[in-house]
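Observations on the three-dimensional arrangement
Single-letter residue listing:
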Amino acid sequence: MGKRKESSRPRMVYGYCRVSHEDSAESGLGIASQLHTFNSYLKLRQECNPFPPGVVRGTTGWEGGWSPKSPDGRNIRTRVGSPRADGVFVDQAISAYKKPLRTRPAGGYLDRTLQDGDIVVFPKLDRAFRNLRDFANTLPDWESRGISVIFVQPSFDMTEASGKLCGSLFAAFAEFESSLKSERPREALMQAWRVGKPSNAKKLRVFGFRQDMSKQWKPWWNARKI
């Protein structure tokens, strides 16, 4: 790592949190849990193993997500949210499996905020990465920019060789878990289609079947001709 360039601000510690679904974002419980982990980690570091001199908690942050439409009504996604003053960047209702960290609303803002010597603390690895390629692309790039990364749960420091190994393994497991979750709904939908039953909670009719007077699903031959 090269010599740190002179900067007008001190080295900062930032945090990143994320929830995948809108109901989680609305309840605030998932974010609150991650913030608690982040704040507890900083307190513990201050008491037991302080950061190097000159490193302070960030004073810039942001929380929000994507809006389906831009302010002028066009179907173009725009970043909507509000600033934070605690050094934490929060993505709401954003998939880490589909969206790389630096293409997310808050994740991209964090990436543009970071400077040489800064530290990023992730309360949980799977809140940051659920895609091994994203993990493998982001961390080396940040390292080349002089940015350090720490994961609290599971606990490892990406500035150490053992931390890099553990991080890669856990990122692979996180991607595997997301893949399994996406397979289960597809399997359930296919089974519903095979037996002619509704495929979701709204009890929508399966094409080619309809209910008789006793609420039993029977083949609907007129539809099947189509």
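Let me sum up the structure you'll find in this document. (Residues numbered from 1 in each chain as written. Predicted model: local features only at pLDDT ≥ 70, side-chain atom pairs only at ≥ 80, totals over all residues. Heavy atoms only, no water.)

Moving on, we get to helix α5 (residues 132–144). The end-to-end C-alpha separation of α5 is 19 Å, in line with the 18 Å expected for 13 residues at 1.5 Å each. Within α5 the residues assigned to the buried category are D134, F135, T138, L139 and W142. In an axial view of α5, the angular spread of the buried residues amounts to 105°, which keeps them on one side of the axis. For α5, the exposed residues set more than 90 degrees away from the buried face come down to R133 and S144. Capping of α5 at its N-terminal end is provided by N131; its side-chain oxygen lies 2.9 Å from the backbone amide nitrogen of R133. (Helix = DSSP H or I, 4+ residues; strand = E, 2+ residues; numbered from the N terminus. Expected span 1.5 Å × (residues − 1). Buried < 20%, exposed > 50% of the residue type's maximum accessible area, 1.4 Å probe, protein only. Arc of directions from axis to C-beta. Polar contact = N/O pair within 3.5 Å; in protein donor to acceptor, adjacent residues only side chain to side chain.)

Scanning the entire structure with this criterion turns up ten aromatic pairs. Ring centres of Y14 and F89 lie 5.8 Å apart, and the angle between their planes is 65°; on these two criteria the pair is classed as edge-to-face. Of this pair, Y14 sits in strand β1 (residues 11–18) while F89 sits in strand β5 (residues 88–91), and the two are 75 residues apart along the sequence. A relative accessible area of 0% places F89 in the buried class. Aromatic pair Y16 and F122: ring centres 5.8 Å apart, planes at 75°, arrangement edge-to-face. You can see Y16 sitting in strand β1 and its partner F122 sitting in strand β6 (residues 119–124), a full 106 residues away along the chain. Across the pair, F122 and Y16 agree in class, each one buried. One aromatic cluster is present, formed by Y16, F122, F129, F135, W142 and F151 through successive ring pairs. Against the face of F51 rests R45, its NZ or CZ located 4.1 Å from the ring centre. A cation over a ring is seen here: R79 above W62, with NZ or CZ 4.6 Å from the ring centre. (Phe/Tyr/Trp six-rings, centres within 6.5 Å; stacked < 30°, edge-to-face > 60°. Lys NZ or Arg CZ within 6 Å of the ring centre and 35° of its normal.)

With 21 residues, the main nonpolar core has L110, F122, F129, W142 and F151 as its most contacted residues. Those elements that provide at least two residues to this core are β1, α3 (105–113), β6, α4 (125–128), α5 and β7 (148–153). Ignoring any residue separated from it by four or fewer positions in sequence, one finds F122 in contact with Y16, L101, A128, F129, W142, V149, I150, F151, V152 and Q153. (Core = buried A, V, L, I, M, F, W, Y, C linked by side-chain atoms within 4.5 Å. Contact = heavy atoms within 4.5 Å.)

The next point concerns the pairing of β5. The side chains of a regular strand alternate, residue by residue, between the two faces of the sheet. Residues V88 and V90 point to one face of β5 and F89 and D91 to the other, with burial holding for every one of them. Note: β1 against β5, four bridges, orientation parallel. From the neighbouring strand, Y16 faces β5, where its bridge partner is F89. (Pairing = 2+ DSSP bridges.)

Let us now look at the side chain of T37. Along the chain, T37 falls in helix α2 (residues 29–48). Given the relative accessible area of 10%, T37 is considered buried. T37 has contacts with P123, V152 and Q153, leaving out every residue within four places of it along the chain.

A separate point is unusual backbone geometry. In this structure, the amide linkage connecting Q153 to the following residue, P154, adopts the cis form with an omega of -10°. With respect to the helices and strands, P154 occurs in the loop between β7 and β8 (156–157). The phi torsion at A93 lies on the positive side, around 55°, for a residue other than glycine. By the element assignment, A93 lies in the loop between β5 and α3.

This next bit is on the environment of W66. Relative to the elements of secondary structure, W66 occurs in strand β3 (residues 61–67). Residue classification places W66 among the partly exposed residues on the basis of a relative accessible area of 29%. Sequence-wise, W66 and R104 are 38 residues apart; in three dimensions their C-alpha atoms are separated by 8.5 Å. Once residues within four sequence positions are removed from consideration, W66 is found in contact with R77, T78, R79, V80, I94, T103, R104 and P105.

Everything listed here is a matter of coordinates, which is why it stays silent on function.
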